[in-house]
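# Tertiary structure, described
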Amino acid sequence: MKLSGPLVTLALGALVGGAVLATSSAAARPDAVVAAATASSTQTPTAEPPAAPPATAAPRASVTDAAAAPDSGSPLSDGELAAYAGRLPGGRYSLIMAVRDDRVVAYVCDGDEVESWLRGTVSGPSLSLTGKNGETLAATLVTGRASGTVEALGERWSFTVSAVDPASVRTVTAKVAP
Amino acid sequence: MSGPTQGAAQRLDLVLVRLALVGAAVAVALGVFGRVHPPTGIAAHLPGFSGPLESKVWLASLAAALAVVQLLSALALYGRLPRVTAPAWTGTLHRWSGRAAFLATVPVAVHCLYALGFQAFDTRVLVHSLLGCVFFGAFTTKMLALTRRGLPGWSLPLLGGLVFTTLVGLWLTSALWFFTTNGIRW
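Residues numbered from 1 in each chain as written. Chains lettered and ligands numbered in written order. Predicted model: local features only at pLDDT ≥ 70, side-chain atom pairs only at ≥ 80, totals over all residues. Heavy atoms only, no water.

What follows is about the packing of helix α4 (residues 123-146) of chain B against helix α5 (residues 155-182) of chain B. Residues and elements named next belong to chain B. Running from N to C, α4 and α5 point in directions that differ by 150°, and their axes come no closer than 8 Å. It follows that α4 is roughly antiparallel to α5 by the angle criterion. As for how α4 packs across α5, the hand of that crossing is left-handed. Looking at the contact of α4 with α5 residue by residue, the class counts come to 15 nonpolar, eight polar and two charged. (Axes fitted to C-alpha atoms, helices over the stretch in contact; angles between N-to-C directions. Helix = DSSP H or I, 4+ residues; strand = E, 2+ residues; numbered from the N terminus. Parallel < 35°, antiparallel > 145°, perpendicular 65-115°, else oblique. Left-handed = near helix turned anticlockwise from the far one by under 90°. Nonpolar A, V, L, I, M, F, W, Y, C, P; charged D, E, K, R; others polar.)

Next up, the structure:
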């Protein structure tokens, strides 16, 4: 049987696609952290975070990549201000989060027309935020990064944003000033 | 239609409809995957580029450039280029540039579907998502049609034209938008 060129082309495309997909899912493995964090932070946030946050146990167990393992407690020392910022998938919206002690504020906007504010609490490495219009955000802080899921402005995104200099996002960080 | 009887012609038309349905199924499957699978925001990208978006827009631009080669070589093969007689290697050029263009689009599509998903938050993004699904459906139908003999003469130009048009639309709604928004960068 003679191999048919067009069918070979389709098969090659499927092979390349499968290979890229496999590489991509390997690259996205820290998402296991996100899934675990989302699951644990959908519980009603407690008013006072427990001294030894149980949330850290679950994500750590599910992560094989040591570099992506969440810190045992909050990655921040007392009173320290941290900010995380980046683009949401799709590129239109930006997300900025500011964290101080057990408080966190997040801002989602397109830099033009629409914006959304969320507030919430920090429990160990887990962030859990809500907004006035039903917005929700759940994320995990990993060294230098924050990964999670945000639902706002009628969309839902999974995201990873990087730590940035808090001074560079003054408007947002002012919201968590002591 | 000189050769086939009316019954045979109807059977061939049915073949074409079946191939189109296969392509439509591919397009719908990609769209459903892109919509249902939660976007990871993370995916592999090519070394040598500053980020996944940069590698995507350049792969897409390579595919778009090859698509122009596709259009010109197809026009030459069909004798539609004035004062040009298609050299003997035109068919080979058409096949291999098409194969290369298709393979260049595959990693881009995987990144789109896996990391970003089928989105509709503005017109550009909706059009791009739809065209992306249609492109791979149309390409599948075109490849399958190439393996069948005796299809109506307009089948391949129509399918090829659809593949070309969707690819150019995809490039306009992604790479051109990226270059005009962020400047030309690697």
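We are not done yet, so read on.
Time to look at the side chain of B:S155. Residue and element names in this part refer to chain B. Assignment of secondary structure puts S155 in helix α5. Note on S155: relative accessible area 1%, which makes it buried. Within the structure, the side chain of S155 is placed 2.5 Å from the backbone oxygen of P152, a separation counted as a polar contact. (Buried < 20%, exposed > 50% of the residue type's maximum accessible area, 1.4 Å probe, protein only. Polar contact = N/O pair within 3.5 Å; in protein donor to acceptor, adjacent residues only side chain to side chain.)

So, about the environment of A:G13. Structurally, A:G13 is set in helix α1 (residues 5-27). Among residues more than four places away in sequence, those in contact with A:G13 are B:F102, B:L103 and B:V106. (Contact = heavy atoms within 4.5 Å.)

All names here are of chain B. One pass over the full model with this rule turns up eight aromatic pairs over all chains. Relative to F179, the ring of W58 has its centre 5.1 Å away and its plane inclined at 55°; by these criteria the two rings are tilted. Here W58, found in helix α2 (residues 52-77), pairs with F179, found in helix α5; they are 121 residues apart in sequence, far enough to count as distant. The exposure class assigned to F179 is buried, which follows from its relative accessible area of 13%. Judged by centre distance (4.1 Å) and plane angle (15°), the rings of F102 and F139 are stacked. In this pair, F102 is assigned in helix α3 (residues 90-116) and F139 in helix α4, connecting sequence segments 37 residues apart. Exposure class is identical for F102 and F139. Each is buried. Above the face of the W96 ring, R99 is positioned so that its terminal group lies 4.5 Å from the ring centre. (Phe/Tyr/Trp six-rings, centres within 6.5 Å; stacked < 30°, edge-to-face > 60°. Lys NZ or Arg CZ within 6 Å of the ring centre and 35° of its normal.)

Now for the interface of chain B and chain A. Between chain B and chain A, the residue contacts involve 26 residues of the former and 26 residues of the latter. For the pair chain B and chain A, the summed buried surface comes to about 2,300 Å²; carbon and sulfur atoms form 73% of the total. For the pair chain B and chain A, the interface holds zero salt bridges. Where chain B packs against chain A, one counts two residue pairs in polar contact (both at pLDDT 80 or more). (Buried area = accessible area lost by both parts, 1.4 Å probe. Salt bridge = Lys/Arg side-chain N within 4 Å of Asp/Glu carboxyl O.)

All names here are of chain B. Interaxial distance between α2 and α5 falls to 9 Å at its minimum, and their mutual angle equals 145°. The handedness of the crossing between α2 and α5 is left-handed. Across the interface between the two elements, L53, E54, V57, W58, A60, S61, A63, A64, A67, V68 and L71 of α2 pack against F164, L167, W171, A175, F178 and F179 of α5. Of the residues assigned to the contact of α2 with α5, the class counts are 15 nonpolar, one polar and one charged.

What follows deals with the pattern of salt bridges. All names here are of chain A. This model, assessed by the stated rule, comprises two salt bridges over all chains. Of the charged contacts in the structure, one is a salt bridge between D110 and R92, with a shortest N-O distance of 3.2 Å. Of the two residues, D110 sits in the loop between β3 (103-109) and β4 (115-123) while R92 sits in the loop between β1 (81-87) and β2 (94-100), which places them 18 residues apart along the sequence. With its nearest N and O atoms 3.9 Å apart, the salt bridge here joins E151 to R156. With a relative accessible area of 39%, E151 lands in the partly exposed category.

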